[in-house]
Structure formats: structure tokens, C-alpha cells
Amino acid sequence: MLEIVPPVSLPKGPVPEMSPVFGLRFPEDGPRPTLTVYVRDHRVHVGAQSLDLARSPHMLRLFRGFCGAGERGLTAAHILYFAYGLSEEMGSSERMVGSKRSCSVKLISRARIAAETHLTGALLGRIAWFPYDVRSKSWRLAMLRPS
């Protein structure tokens, strides 16, 4: 199973608008993270590759929220907060929250497609992006695909 572990070290250079850094570790690779995932400015960095999300601010905030959540994942309410800045406690109308809930599922699907399409390679091909956990009713950033 893929684990999300604290980073070994932060990337060098200035870090404006940077999310927390997490390492993706495959069990056979030992205790050190194999890939790091973080959001810096308008790019999602996974290992040596990056995905430019300058034209997708909601998706960028979604990735930033998942990096901050770590292995806990995000529930639908968390995704509403991170991607759209909405919460049911803020007094948003029930209709708007319901509408944004369906938009958030579409957003996760689009983020999954973007990650699988643009972040490629031997290790990245083994990762399932944004899997849904039925028991906890939440999405995780990534997990190892079954062989």
C-alpha cells in the first residue's frame, strides 16, 4: 500500500504560496519517500514532474487541501471548503451547497484525469489518484494500484 509520510527535506529556493510537502513511499523502496508531492505557486510538483494549474484555481486549491490533509484525506465538506471556500456553517444556502457538492465530485474527477494524463512514468503509473474510501466517506490524495 502507498503511504504518505512526512518529507525528508523541503525543496530549495523561495517558497511563496507553498503547501505542506508529503512523500509518497512504496513499501518495497524502504523507509525513505520515493516521491514528494507539494503545491508551489500555481504548480503541483510530484517528484521531478509538475502540473501547471494556473488556469484551474479550484483544482489548485483542491491539490493544496489534499497535501495539507495528508493520509487522513478529505470529506465532501472539506472539499467544499478548500475548493470553493464554502461551509454549511457559514450560512451558505442549502441549494448552493448542494450545487457545489456535485461540482466538487466533477472537480475530483477532472483532477484525477489531469494527474493520470500529465504525471506519467514508471512509478506514477502505479498510483491511483483521488481514490474514494467508502468506509470513511472521504477521498485520499493517492494510493498504490492493485497489481
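Caption draft 1: Broad picture of the overall build of the chain. Along the backbone of the chain there are 3 helices and 10 strands. Helices and strands appear in the chain in the N-to-C order β-β-β-β-β-α-β-α-α-β-β-β-β. The buried share of the chain, taken over its 147 residues, is 41%. Counted over contacts in the chain with a minimum sequence separation of 6, partners at least 24 positions apart contribute 45%.

Caption draft 2: Spotlight on the pairing of strand S5 (residues 49-52). Note: strand S4 (residues 43-46) against S5, 4 bridges, orientation antiparallel. Counterpart to Arg 43 in the pairing with S5 is Asp 52.

Caption draft 3: How the structure looks around the packing of helix H1 (residues 57-69) against helix H2 (residues 76-84). Axis separation between H1 and H2 bottoms out at 7 Å; the angle between their running directions is 125 degrees. In this view, H1 runs oblique relative to H2, as classed from their interaxial angle. Crossing handedness for the pair H1 and H2: right-handed. Counting all contacts with H1, which are made through His 58, Arg 61, Leu 62, Gly 65 and Phe 66, the residues of H2 involved are Ile 79, Phe 82, Ala 83 and Tyr 84. Here the residues of the contact of H1 with H2 are counted per class, giving 6 nonpolar, 2 polar and 1 charged.

Caption draft 4: Main features of the nonpolar core. Val 46, Phe 63, Phe 66, Trp 129, Phe 130 and Leu 141 are the most contacted members of the largest nonpolar core, which has 34 residues in total. When contributions to this core are tallied by element, the ones reaching two or more residues are strand S3 (35-40), S4, H1, H2, helix H3 (94-118) and strand S7 (127-129). When residues no more than four places from it in sequence are discounted, the contact partners of Trp 129 are Val 46, Arg 112, Ala 115, Glu 116, Leu 119, Leu 124, Leu 141 and Ala 142.

Caption draft 5: Quick look at the packing of H1 against H3. Running from N to C, H1 and H3 cross one another at 80 degrees; their axes reach a closest spacing of 10 Å. Viewed along their axes, H1 and H3 adopt a mutual orientation that is roughly perpendicular. Contacts from His 58, Met 59, Leu 62 and Phe 63 in H1 reach Leu 107, Ile 108, Arg 110, Ala 111, Ala 114 and Ala 115 in H3. Among the residues making up the contact of H1 with H3, the classes are represented as 8 nonpolar, 1 polar and 1 charged.

Caption draft 6: Summary view of H3. For H3, spanning 25 residues, the distance from its first C-alpha to its last is 36 Å, which sits close to the expected 36 Å at 1.5 Å a residue. Inspection of H3 places Val 97, Ser 104, Leu 107, Ile 108, Ala 111, Ala 114 and Ala 115 among the buried residues, and these make up the whole buried set.

Caption draft 7: Structural view of the pairing of S4. Pairing analysis gives 4 bridges linking S3 to S4, with the strands arranged antiparallel. Bridge pairing links Tyr 38 to His 45 in S4. Here S3 folds back onto S4 in antiparallel fashion, the turn holding 2 residues, of which Asp 41 has a positive phi close to 55 degrees. Here S4 hands over to S5 after 2 residues, with Gly 47 in that stretch at a positive phi of 60 degrees.

Caption draft 8: Region of interest: H1. Compared with the 18 Å implied by 1.5 Å per residue over 13 residues, the 18 Å span of H1 between its first and last C-alpha is a close match. All buried positions along H1 are accounted for by Met 59, Leu 60, Leu 62, Phe 63, Gly 65, Phe 66, Cys 67 and Ala 69. Two residues or fewer after H1 comes Gly 70, characterised by a positive phi angle close to 65 degrees.

Conventions we followed
Residues numbered from 1 in each chain as written. Predicted model: local features only at pLDDT ≥ 70, side-chain atom pairs only at ≥ 80, totals over all residues. Heavy atoms only, no water. Helix = DSSP H or I, 4+ residues; strand = E, 2+ residues; numbered from the N terminus. Buried < 20%, exposed > 50% of the residue type's maximum accessible area, 1.4 Å probe, protein only. Contact = heavy atoms within 4.5 Å. Pairing = 2+ DSSP bridges. Axes fitted to C-alpha atoms, helices over the stretch in contact; angles between N-to-C directions. Parallel < 35°, antiparallel > 145°, perpendicular 65-115°, else oblique. Left-handed = near helix turned anticlockwise from the far one by under 90°. Nonpolar A, V, L, I, M, F, W, Y, C, P; charged D, E, K, R; others polar. Core = buried A, V, L, I, M, F, W, Y, C linked by side-chain atoms within 4.5 Å. Expected span 1.5 Å × (residues − 1).

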